[in-house]
Amino acid sequence: MKRPLEGLLVLEFCQFLAGPLAGLKLADLGARVIKIERPLKGEACRQLAIKNLFVEKDSFLFHTINRNKESYAADLKNPADLENVKKLIAKADIMTHNFRPGVMEKIGLDFESVKQVNPKIIYGVVSGYGNKGPWANKPGQDLLVQSLSGLTQLTGTQNDGPVPFGLSVADTMCGNHLVQGLLAGLLKRAKTGKGVLVEVSLLESTLDLQFEVLTTYLNDGGKLPQRSAVRGNGHAYLSAPYGLYQTNDGYLALAMGNLPVIASAIGCNVSKHYTESAQWFEKRDEIGTLFAEIILQKNTSEWLSILENAGIWCSPVLNYQEVFEQNAVKQAGVIQTLAVGENLEIRTTRSPIKINEANLYSAKAAPKVGADNIVLSEEFNLKSI
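**Quick notes on the packing of aromatic side chains**
What describes a pair of aromatic rings is the distance from one ring centre to the other and the angle between the planes of the rings.
Step number 1: The tally for this structure, following the rule as stated, stands at 3 aromatic pairs.
Step number 2: Plain terms: the ring middles of F111 and Y123 are 5.5 Å apart, the flat faces sit at 55 degrees to each other, and that makes the pair tilted. Of this pair, F111 sits in helix 5 (residues 111–117) while Y123 is found in strand 7 (residues 122–127), placing the two residues 12 residues apart along the sequence. Y123 matches F111 in its accessibility class, with the two residues each being buried.
Step number 3: Considering the side-chain rings of Y129 and W135, the 5.6 Å spacing of their centres and the 80 degrees angle between planes classify their relative orientation as edge-to-face.
Step number 4: W135 gets classed as partly exposed once you look at its relative accessible area, which sits at 34%.

**Concerning empty space enclosed by the protein**
Step number 1: Inspection of every chain in the model, using the stated rule, returns 1 cavity of 30 Å³ or more.
Step number 2: Taken as a whole, the largest cavity encloses approximately 60 Å³ of empty space.
Step number 3: S228, V230, R231, G232, N233, P241, Y242, G243, L244, Y245, R284 and G288 are the residues that line the largest cavity.
Step number 4: Residue assignment for the lining of the largest cavity shows that the elements contributing at least two residues are strand 9 (243–246) and helix 12 (284–295).

**Considerations on the nonpolar core**
Step number 1: Residues L26, A31, I94, I122, L178 and L182 are the most contacted members of the largest nonpolar core, which totals 28 residues.
Step number 2: Elements with a minimum of two residues in this core: helix 1 (18–28), strand 7, helix 7 (169–192), strand 8 (196–201) and helix 8 (202–209).
Step number 3: Considering every element that reaches this core, the biggest residue donor is helix 7, with 6 residues.
Step number 4: Listed in part, the 25 residues of the second largest apolar core include M104, I107, V114 and L382.

**Observations concerning unusual backbone geometry**
Step number 1: A240 connects to P241 through a cis peptide bond whose omega is 10 degrees.
Step number 2: Within the secondary structure, P241 sits in the loop between helix 9 (211–218) and strand 9.
Step number 3: In the Ramachandran plot, N356 falls in the positive-phi region, its phi being about 50 degrees despite a non-glycine side chain.
Step number 4: Phi angles above zero are rare outside glycine, and N381 is one such case at about 55 degrees.
Step number 5: Here N381 lies in the segment after helix 16 (373–380).

**Structural notes on the sheet that holds strand 9**
Sheet strands pair by backbone hydrogen bonding; their relative direction is either parallel or antiparallel.
Step number 1: Here we have 3 strands laid out as an open sheet, ordered 9-10-11, and antiparallel in their pairing. Each having just a single partner strand, strand 9 and strand 11 (314–316) make up the two edges of the open sheet. In this sheet, neighbouring strand axes are inclined to one another by 25 degrees on average, regardless of whether the strands run parallel or antiparallel.
Step number 2: As paired elements, strand 9 and strand 10 (residues 251–254) share 4 bridges and run antiparallel to each other. Looking at the pairing, G243 lines up with L254 of strand 10.
Step number 3: Of the strands in this sheet, strand 9 and strand 10 touch helix 12, which is tilted by about 40 degrees from strand 9.
Step number 4: Packing against the sheet, helix 13 (residues 300–309) makes contact with strand 10 and strand 11, and its axis sits at approximately 160 degrees to strand 11.

What counts and what doesn't
Residues numbered from 1 in each chain as written. Predicted model: local features only at pLDDT ≥ 70, side-chain atom pairs only at ≥ 80, totals over all residues. Heavy atoms only, no water. Phe/Tyr/Trp six-rings, centres within 6.5 Å; stacked < 30°, edge-to-face > 60°. Helix = DSSP H or I, 4+ residues; strand = E, 2+ residues; numbered from the N terminus. Buried < 20%, exposed > 50% of the residue type's maximum accessible area, 1.4 Å probe, protein only. 1 Å grid on protein atoms, 1.4 Å probe; cavity = no way out; pocket = protein on both sides within 12 Å on 5 of 7 lines; lining within 4 Å. Points joined across faces, edges and corners; volume = space filled by probe spheres on them. Core = buried A, V, L, I, M, F, W, Y, C linked by side-chain atoms within 4.5 Å. Pairing = 2+ DSSP bridges. Axes fitted to C-alpha atoms, helices over the stretch in contact; angles between N-to-C directions. Contact = heavy atoms within 4.5 Å.

And the structure:
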């Protein structure tokens with residue numbers, strides 16, 4: 001199957017997660033992505049591990065983000081290496097970087113300089129907080145950005161204090177936003193024939209992630225979000241009974257819906273006490289407590305049968321082991337296996353996008369540092385390093 005971005009050449013001067021994740025998404029869609037890495041050590045994420053898991057000296061995290069890419073090792077401070085990199089840039093459609101502000105200017109690979117080499121380049125920049133302003137030089141790290149963006153005030157209960165997400169949500173959102181900007185840049189270039197500068201930041205992406213609740217905050221007199229005191233409430237701005245409830249043998253998720261209808265289905269008489277819909281939010285802790293006492297009395301499967309038959313949106317709450325036992329997940333084919341060296345394999349997720357009804361699986365795992373130097377030197381007439 002021909003993928004939509006086949007024929008597109010991307011140079012990735014990125015490390016860690018947001019920038020490389022954008023490259024991963026482009027590669028999954030068919031682009032040829034070449035990582036420009038330091039000789040020997042490569043990019044820093046090769047040594048950044050989750051649970052200290054490594055395969056062939058590179059972290060599983062690195063392999064997760066860098067499948068389907070090539071690696072060209074070059075010392076950007078070395079004039080000969082830099083000249084080779086500029087030859088690659090001259091042939092590229094896109095280049096991305098997430099260096100600190102000022103680094104690419106010193107090297108001579110900032111947007112204005114690169115346009116002299118390739119006037120049609122789509123130039124993507126990832127930063128923590130933008131390239132200008134009082135936070136420009138702060139470390140752009142996911143937990144710090146979550147903390148600085150207000151995101152940690154939305155999860156958990158009002159008694160928990162700030163609660164961060166259990167994954168790199170700022171990096172992930174920013175990487176996806178970069179892809180959107182780069183693809184928009186390609187469309188703009190197709191109309192004008194000129195290069196485009198695309199800039200994203202972890203901070204702005206994380207604020208954009210919160211656009212629903214921030215719009216509420218900005219139009220509600222500046223009132224801060226008030227998390228429920230009842231554990232399992234799923235949203236600081238939604239009414240009861242939205243949230244997670246413990247059952248006799250597990251947990252049940254209840255989505256938004258008509259409170260009297262849901263209450264009637266579970267046998268909780270609230271109609272006399274909470275007659276106005278505004279009370280469903282104002283008294284959500286009281287309502288949540290009433291629901292919790294009743295839902296605890298039956299098994300999850302019993303509640304699912306009762307609620308689903310009543311047309312009420314609900315689901316069990318699954319852990320990873322249970323998730324991958326579900327036929328819906330199995331049939332989706334979300335897991336792929338990649339060969340890493342001899343007799344070594346890793347399992348990871350695939351691209352979530354289908355093209356012409358076909359899943360996008362990867363052909364190759366992440367490369368070793370400089371694995372493609374020889375091939376690329378021959379193809380692009382580069383000097384041997």
